[in-house]
Amino acid sequence: MRSISRREILQYASALMAWSAAGACRARIVTTPKFAANPFTLGIASGDPLPDGIVLWTRLAPEPLAGGGMPAEAVDVKWELAADDRMKQVVRRGTAQARPELGHAVHVDVRGLEPGRPYFYRFNAGAHATAIGRTKTAPAANVMADKLRLAFASCQHWEQGYFTAYDHMVREDLDLVVHLGDYIYEGGPRPNTVRAHNGPEIMTLDDYRNRYALYRGDAMLRAAHEAFPFIVTWDDHEVDNDYADDHPEDDQTRDAFLTRRAHAYQAYFEHMPLRAAARPKASSMQLYRRLAFGQLADFLVLDTRQYRTDQPCGKNRAPLCEGALDPKGTILGAAQERWMTDALDTSPSRWNVIAQQVLMAEVDFAPGPDRQYSMDKWDAYQACSRRVHKFLAERKPSNPIVLTGDIHTSWVNDLKADYRDAKSEIIGTEFVGTSITSGGDGQPMTPAAEAFLPENPHVRFYNAQRGYVSCTVTPTRWQSDYRIVPFVRKPGAPIETAGSFVVEHGKPGAQRA
Ligand code: FE
Ligand code: CA
């Protein structure tokens, strides 16, 4: 992992001084707060289930789009967790402090719970209480659970549509939701959208806070968090389009960009149900982590943005240039790559799920004999990609399943030791989920995809509509159902299943269900 430079620490220290000048660091604690308006405007969330624990989240923001509207004081927030949905049998309760240096967010790491069962929770502060949320712990470590139900989603551009997909997701009976990034988008308002971003491209901590608050203003997104625990990771738009480590998209100096990244990471942590281990330090934040669901599934959650080398050969589609073949090029960084392969090598689980951002399977986007690859994906980092593919081929971790977002379309890809050899063995399956809204109303097929798909016989399914993917996992079978909303520019779209694919335990490769 890249170490944090002294300069980054100094930059962040100066940002912190702004808070401490306002008294934040020596804040008095308000135990019985009074609010001019309901402070629970951003809802509640839970996340990162353990066999004995869960993170509960909320944030006090009576003026959500204007920095939150809280004084520079710490405020007591009471929480309770119950065995029943009417909160009669409370099993844990406590008081957390919503502190100004975390935007008055609270992250309660509840422990001592029973494995593999639902729990219910709520917060209150002053005269205000939240709705009752539902969550669920992970199965015990030594248990082969008989079933896991999850959905995964990504890319929810506020301006490009309504989050109708979540309204359908909440009707499913899920153990968890995996979010693969582009939870927010950083840009300013654009013409011809269904609803507008709140202000120009975001840069400051308040900007990022206000943008998360805008997105959480959506009742369907809040309802999804209320209904299920989330496992989250980010992609680029939580900071800046197509950024790579300390390389911005925009014309910013490295110093200015790292300050911006610190603000973006801070706001991300403040709004997500993450453990304290993820709390950012200056412009760094460790988001990659492992979450186990007994012996049934391990989730390795990756961060392919923070440690990657800059995109080679420009940012568009291109033939592989020298930079793409550079042995030092990496999308994971050395520490994360080692951590991932070690985790896969020692995993006791039947299904090894790699939850990450961008296309891992090689994809040639140029019709005909030319080959062109997307420079923002694994293909642009050939050395790292080859090592990971070789690892899967040689070490054969049990049933690798890669979950991918970013590309705003649905795919099912065979992962292959050698994509250019039709006889090369299948070493895993990549399920790529489409966007919740990004890209606006879609269509099942596009002329561009019709032209490049024949170049890529390992792509088993493609669809260019919006939605999410619903998965049913048992010890013998993984099924992914591609859930599609036919439109997002108007509310009220129905849900359909555009395709269902199955991987059987010990038999690499997805088949149509
Ligand atoms: Fe996106
Ligand atoms: Ca070609």
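The coordinates are above.
Within every chain, residues take consecutive numbers counted from 1 along the sequence as written. Chains carry letters and ligands carry numbers; both start at the beginning, A for chains and 1 for ligands, and go up in the order they are written. Per-residue local features of the predicted model are confined to residues with pLDDT of at least 70, and side-chain atom pairs are confined, for both listing and counting, to 80 or more; whole-chain, interface and lining totals are unaffected and use all residues. Side-chain metrics rest on all non-hydrogen atoms present in the structure, leaving aside hydrogens and water.

*Asks:* Run through the sheet that holds strand β12 (residues 229-232), naming residues and quoting values.
*Replies:* Following DSSP output, two strands are said to pair if at least two bridges run between them. Runs of H or I in DSSP of at least four residues are treated as helices and runs of E of at least two as strands, each being numbered from the N terminus. Taken in spatial order, the 10 strands line up as β6-β3-β2-β12-β11-β10-β22-β23-β24-β25 in an open sheet, and their pairing is mixed. Two strands in the sheet have a free side with no partner beyond their single neighbour: β6 (105-110) and β25 (507-512). Each neighbouring strand pair of the sheet contributes to a mean axis angle of 25 degrees, computed without reference to strand direction. Where strand β2 (residues 44-47) meets strand β3 (residues 54-59), 4 bridges bridge the pair, whose relative direction is antiparallel. Looking across to β3, one finds that S46 is bridged to L56. Contact criterion: two residues are considered in contact whenever any of their non-hydrogen atoms come within 4.5 Å of each other. Fitting a line to C-alpha atoms yields each axis, with helices limited to the stretch in contact; the angle taken between N-to-C directions then spans 0 to 180 degrees. Most of the contacts of helix α4 (residues 219-227) go to β2, to which it runs at about 45 degrees, and overall it touches β2 and β12.

*Asks:* Would you mind going over the packing of helix α7 (residues 334-346) against helix α8 (residues 382-395) in detail, with residue names and values included?
*Replies:* The geometry of a pair of packed helices is captured by two quantities: the angle between their axes and the separation between those axes. Remark: α7 packs on α8, axes separated minimally by 11 Å, with the N-to-C direction vectors making an angle of 10 degrees. Taken together, α7 and α8 sit at an angle that is classed as roughly parallel. On the side of α7, the interface is formed by E337, M340, T341, L344 and D345, while α8 contributes C384, R387, V388, F391, L392 and R395. Roughly parallel means an angle under 35 degrees; roughly antiparallel, over 145; roughly perpendicular, 65 to 115; everything else is oblique.

*Asks:* So what's going on with the nonpolar core? Residues and values would help.
*Replies:* Put simply, a nonpolar core is a bunch of buried Ala, Val, Leu, Ile, Met, Phe, Trp, Tyr and Cys residues held in one set by side-chain atoms that sit within 4.5 Å of each other. The classification of residues rests on relative accessible area computed with a 1.4 Å probe and restricted to protein chains. Under 20% of the type maximum is buried, over 50% is exposed, and intermediate values are partly exposed. Grouped together as the largest cluster of nonpolar side chains are 42 residues, with contacts concentrated most on Y166, M169, Y215, Y268, L274 and M285. Put simply, the parts of the chain that give this core at least two residues each are β10 (148-153), α2 (164-169), α3 (205-216), α4, β12 and α5 (254-271). Ranked by the residues each element gives to this core, the list is headed by α5, at 6 residues. With residues near it in sequence (within four places) discarded, L274 still touches D48, V55, H107, V232, Y268, F269, M285, L287 and R289.

*Asks:* Tell me about the state of the cysteines, and name the residues and values.
*Replies:* Two cysteines, two sulfur atoms, one covalent bond between them: this is a disulfide. Any pair of cysteine sulfurs within 2.5 Å is marked as a disulfide. One pass over the structure, following the stated rule, counts 1 disulfide. Across the disulfide from C313 sits C321; the S-S distance is 1.9 Å. Looking down the S-S bond of the C313 and C321 bridge, the torsion is -75 degrees, so its handedness is left-handed. C313 sits in the partly exposed class, given a relative accessible area of 26%. Looking at C321, the relative accessible area reads 25%, which means it is partly exposed. There is no disulfide at C471, and the cysteine sulfur nearest it, in C155, is 16 Å away.

*Asks:* Just give me the short version of unusual backbone geometry, but keep the residues and values in it.
*Replies:* Positive phi values are uncommon outside glycine, yet D182 reaches one of about 60 degrees. For D182, the position within the fold is in the loop between β11 (176-179) and α3.

*Asks:* Let's hear about the pattern of salt bridges: which residues, and what values?
*Replies:* When a carboxyl oxygen of Asp or Glu is within 4 Å of a side-chain nitrogen of Lys or Arg, the pair counts as a salt bridge. One pass over the structure, following the stated rule, counts 30 salt bridges. Residues D345 and R395 are paired through a salt bridge, measuring 3.0 Å at the closest nitrogen-oxygen approach. Here D345, found in helix α7, pairs with R395, found in helix α8; they are 50 residues apart in sequence, far enough to count as distant. Across the pair E362 and R420 runs a salt bridge, and its minimum N-O distance is 3.3 Å. With E362 in the loop between β16 (351-355) and β17 (373-374) and R420 in the loop between β19 (410-416) and β20 (426-432), this pair connects stretches of sequence that are 58 residues apart. Taking the relative accessible area as the measure of exposure, E362 reaches 10% and is therefore buried. Given a relative accessible area of 45%, R420 falls into the partly exposed group. Put simply, E201, D240, D250 and R260 are held in one network by salt bridges that share partners.

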